[in-house]
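Single-letter residue listing:
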Amino acid sequence: MAALHYMPGFGNDFETESLPGALPQGQNSPQRCAYGLYAEQLSGSPFTAPRGINERSWLYRIRPSVKHGGRFAPARRDHWKTAPNLDDHELPIGQLRWNPTPMPKEPVNFIDGIRTMTTAGDVHGQAGMAAHVYAFNSDMVDDYFFNADGELLLVPERGRLRIFTEMGIIEVEPSEICVIPRGMMVKVAALDGEARGYICENYGAKFSLPDRGPIGANCLANPRDFKTPVAAYEDKEVPCRLHVKWCGKFYETTLDHSPLDVVAWHGNYAPYKYDLRTFSPVGAILFDHPDPSIFTVLTAPSGEEGTANVDFVIFPPRWLVAEHSFRPPWYHRNIMSEFMGLVYGQYDAKEEGFVPGGMSLHNMMLPHGPDAMGFNKASTVDLKPQRLENTLAFMFETRFPQHLTRFAAELDSLQDNYADCWKDLKKRFNGTVAGDWPEEAKNT
Ligand SMILES: O=C(O)Cc1cc(O)ccc1O
Ligand SMILES: [Fe+2]
């Protein structure tokens, strides 16, 4: 198969055509488009949004998207939940952690293989998010899908994905992510036979690059490392199904052709991928542990300054050099709600129990931090510069409390003893001796 091509940049005004002359020049709506194509605008922001956040693309397609087989019939997809979703379940708020979701044994495709773990906010107000896992083993061939409820940020953990979108083809592997804009038609295949990973469904304003403040013009996620596909299309006339998610409900319609028939497009509303290995972390180079916001790859603002609808944060391989400091995350309680996953390796706040494909949830104001083993190790280790290897955790951090689905609450993979990871944190206070720990405390 030919190598795929991508265009670099974040939020650029791109243009691409898969046939010469398919893209009109100097105007959007010629009286007759080249090759008999139809022009169609896809708006990702209100027409009148300020220039900096105004997003739309012009698609030149074989048939306009109105050409489907008739009505949108209601459909069911019971495992994909949408906020507000206050499922009844018995699980107390707790700090929660799950082992990896088992791979399916029966054939299941991408959209049927999505399971919602948490929902937050309210889709009707275009605020909040959902955290899902996907696990599937069957390719979408004549099935297509779009989600009107939000953009989808995919974080592969196992297996490569081939995501054929209206605007071109993206392939991603673990250590990369992909963002599919709200409303964009796609089909997804597992290039290695099966695939598993995480999804953040963002109901709010689109993901954007965080401001860097005094960091300046470089580092963290650099715009040129975001890759948008060149145009690609299917000219295919077979019975097809289009699945739609709209305000938490599912619908289905039929077509006699593939809806991925965009031959050329231009604009700034487009899917993209990003290789997390190109993230240039900036951290403490003398002492202390900074807030994890320094590792924000993408942020979806909420309208309130500094208060993200959802941040996508990673914990990549990096150097730890802080002197006379407790280097892992501190114990903390947070107004924001933290959903975490692990792509590979080990996370520095958890010596064991948090494994690739697993998940944890530390909800609004619930205390968490290093397990007892991690605390003891980090409190006594010789503080040489240390390269954290073999580690890629991430966090979906939202201003909204994350409500657990009943599915997540009842999963066999839920660890019933997670909170025990802190039980061996013993009292060291003696009220009389200030200064360093007594020698015997260092050996426990
Ligand atoms: O809870 C976590 O493990 C995530 C996290 C990491 C960190 O370095 C600081 C704060 C924080 O919430
Ligand atoms: Fe945290």
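Residues numbered from 1 in each chain as written. Chains lettered and ligands numbered in written order. Predicted model: local features only at pLDDT ≥ 70, side-chain atom pairs only at ≥ 80, totals over all residues. Heavy atoms only, no water.

As named in an unreviewed UniProt entry, the protein is Homogentisate 1,2-dioxygenase, taken from Phyllobacterium sophorae. Its UniProt record gives the protein a comment under Cofactor (unreviewed entry), which states: "Fe cation". (UniProt positions renumbered as here; feature names shortened; annotations may be inferred.)

A. Highlighting the overall build of the protein. Each helix and strand counted, the protein has three helices and 28 strands in total. Taking 2.2 N^0.38 as the reference for a compact globule, 444 residues should give roughly 22 Å; the C-alpha atoms of the protein span a radius of gyration of 23 Å, in line with that estimate. Once the C-alpha set of the protein is aligned to its principal axes, its extents read approximately 85 × 50 × 40 Å. Within the protein, the fraction of its 444 residues that count as buried is 51%. Put simply, of all contacts in the protein between residues at least 6 apart along the chain, 78% involve residues at least 24 apart. (Helix = DSSP H or I, 4+ residues; strand = E, 2+ residues; numbered from the N terminus. Rg over C-alpha atoms; globule rule 2.2 N^0.38 Å. Buried < 20%, exposed > 50% of the residue type's maximum accessible area, 1.4 Å probe, protein only. Contact = heavy atoms within 4.5 Å.)

B. Representation of the sheet that holds strand 28 (residues 403–404) in the model. Read across the open sheet, the nine strands follow the order 1-16-20-13-10-15-8-7-28; overall the sheet is antiparallel. For this open sheet the edge positions go to strand 1 (6–8) and strand 28, each flanked by a neighbour on one side alone. Strand direction decides the pairing type here: strand 10 (residues 151–158) and strand 15 (residues 195–202), joined by seven bridges, are antiparallel. Paired with Leu152 across the strands is Glu201, a residue of strand 15. (Pairing = 2+ DSSP bridges.)

C. Region of the structure containing the pattern of salt bridges. For the structure shown, the criterion picks out 26 salt bridges. Put simply, Asp143 and Arg241 hold a salt bridge, and the shortest N to O gap is 2.8 Å. On the criterion of sequence distance, the pair formed by Asp143 in strand 9 (residues 143–147) and Arg241 in strand 17 (residues 240–246) is long-range, its members being 98 residues apart. For Arg241, a relative accessible area of 33% corresponds to the partly exposed category. (Salt bridge = Lys/Arg side-chain N within 4 Å of Asp/Glu carboxyl O.)

D. Up close: a nonpolar patch on the surface. Taken together, the side chains of Ile335, Met364 and Met365 present a nonpolar region at the surface, about 300 Å² in accessible area. One can find Ile335 in the loop between strand 23 (318–320) and strand 24 (337–345). (Patch = residues over 30% accessible without salt bridge, like charges linked within 9 Å, V, L, I, M, F, W, Y side chains within 5 Å. Areas by Shrake-Rupley, 256 points an atom, 1.4 Å probe, with all protein chains shown as cover.)

E. A look at the sheet that holds strand 4 (residues 56–61). Taken together, four strands build an open sheet; the order of strands is 2-19-4-3 and the sheet is antiparallel. The outermost strands of the open sheet, each flanked by one partner alone, are strand 2 (14–17) and strand 3 (38–43). Looking at each pair of strands side by side, their axes are set apart by 20° on average, direction ignored. Across four bridges, strand 2 lies against strand 19 (residues 262–267) in antiparallel orientation. Bridging across to strand 19, Thr16 finds its partner in Trp265. (Axes fitted to C-alpha atoms, helices over the stretch in contact; angles between N-to-C directions.)

F. Region of the structure containing the coordination of the iron ion (ligand 2). At the metal site, the iron ion (ligand 2) is ligated by His332 (NE2), Glu338 (OE), Glu338 (OE) and His368 (NE2), and these contacts range over 2.0 to 2.5 Å. Positions of the donor residues of the iron ion (ligand 2) along the chain correspond to the pattern H-x5-E-x29-H. The class of His332 is buried, set by a relative accessible area of 17%. (Donors = N, O, S within 2.8 Å, 3.2 Å for Na, K, Ca; no water.)

G. Quick peek at the nonpolar core. Counting 50 residues, the largest nonpolar core has Trp98, Leu298, Phe312 and Phe396 as the members making the most contacts within it. Once residues lying within four places of it in the same chain are set aside, the contact partners of Trp98 are Met117, Gly358, Met359, Ser360, Leu361, Leu404, Ala408, Leu411, Ser413, Leu414 and Gln415. Residues Met7, Met140, Phe145 and Ala195 belong to the second largest nonpolar core, which totals 35 residues. (Core = buried A, V, L, I, M, F, W, Y, C linked by side-chain atoms within 4.5 Å.)

H. Quick peek at the site of ligand 1. Ligand 1 sits among His289, Pro292, Phe315, Pro329, Trp330, His332, Glu338, Met340, Tyr347, His368 and Met395. The separation between an oxygen atom of ligand 1 and a polar side-chain atom of Tyr347 is 2.6 Å. One of the side-chain N or O atoms of His368 is found 3.0 Å from an oxygen atom in ligand 1. Notes on ligand 1: free accessible area 310 Å², of which the protein chains cover 97%. By residue class, the composition of the shell around ligand 1 is seven nonpolar, three polar and one charged. (Near = heavy atom within 4 Å. Polar contact = N/O pair within 3.5 Å; in protein donor to acceptor, adjacent residues only side chain to side chain. Nonpolar A, V, L, I, M, F, W, Y, C, P; charged D, E, K, R; others polar.)

I. A look at the UniProt feature "active site" (unreviewed entry) in the protein. Residues annotated in UniProt with the feature "active site" (unreviewed entry) correspond here to His289. Turning to its location among the elements, His289 is positioned in the loop between strand 20 (272–275) and strand 21 (296–301). One polar contact links the side chain of His289 to the main-chain carbonyl oxygen of Arg327, over a distance of 2.7 Å.

J. Here's a closer look at the confidence of the model for the protein. Of the residues in the protein, 99% have a pLDDT of 70 or more, and the chain-wide mean is 96. Confidence estimates for the predicted assembly give a pTM of 0.97 and an ipTM of 0.99. (pLDDT = per-residue confidence, 0-100.)

K. Layout of the side chain of Thr391. Structurally, the position occupied by Thr391 is in strand 27 (residues 391–398). A distance of 2.5 Å separates the side chain of Thr391 from the backbone oxygen of Gln346, its partner in a polar contact. Apart from the residues lying within four places of it in its own chain, the contact partners of Thr391 are Phe315, Pro316, Pro317, Tyr344, Gly345, Gln346 and Tyr347.

L. View of the UniProt feature "binding site: homogentisate" (unreviewed entry) in the protein. As annotated by UniProt and renumbered to match this structure, "binding site: homogentisate" (unreviewed entry) occupies Tyr347 and His368. Spatial clustering of the annotated residues is evident: they stretch over 22 residues in sequence, but the largest pairwise C-alpha distance comes to 14.0 Å. Assignment of secondary structure puts Tyr347 in the loop between strand 24 and strand 25 (359–362). Beyond its immediate sequence surroundings of up to four residues, Tyr347 is in contact with Phe315, Pro329, Met340, Leu342, Phe354, Thr391 and Ala393. Mapped onto the elements, His368 comes out in the loop between strand 25 and helix 1 (372–380). Judged by relative accessible area, which is 5%, His368 ranks as buried. Beyond its immediate sequence surroundings of up to four residues, His368 is in contact with Trp330, Tyr331, His332, Glu338, His362 and Trp422. Only 2.7 Å separates the side chain of His368 from the side chain of His332, close enough to count as a polar contact.

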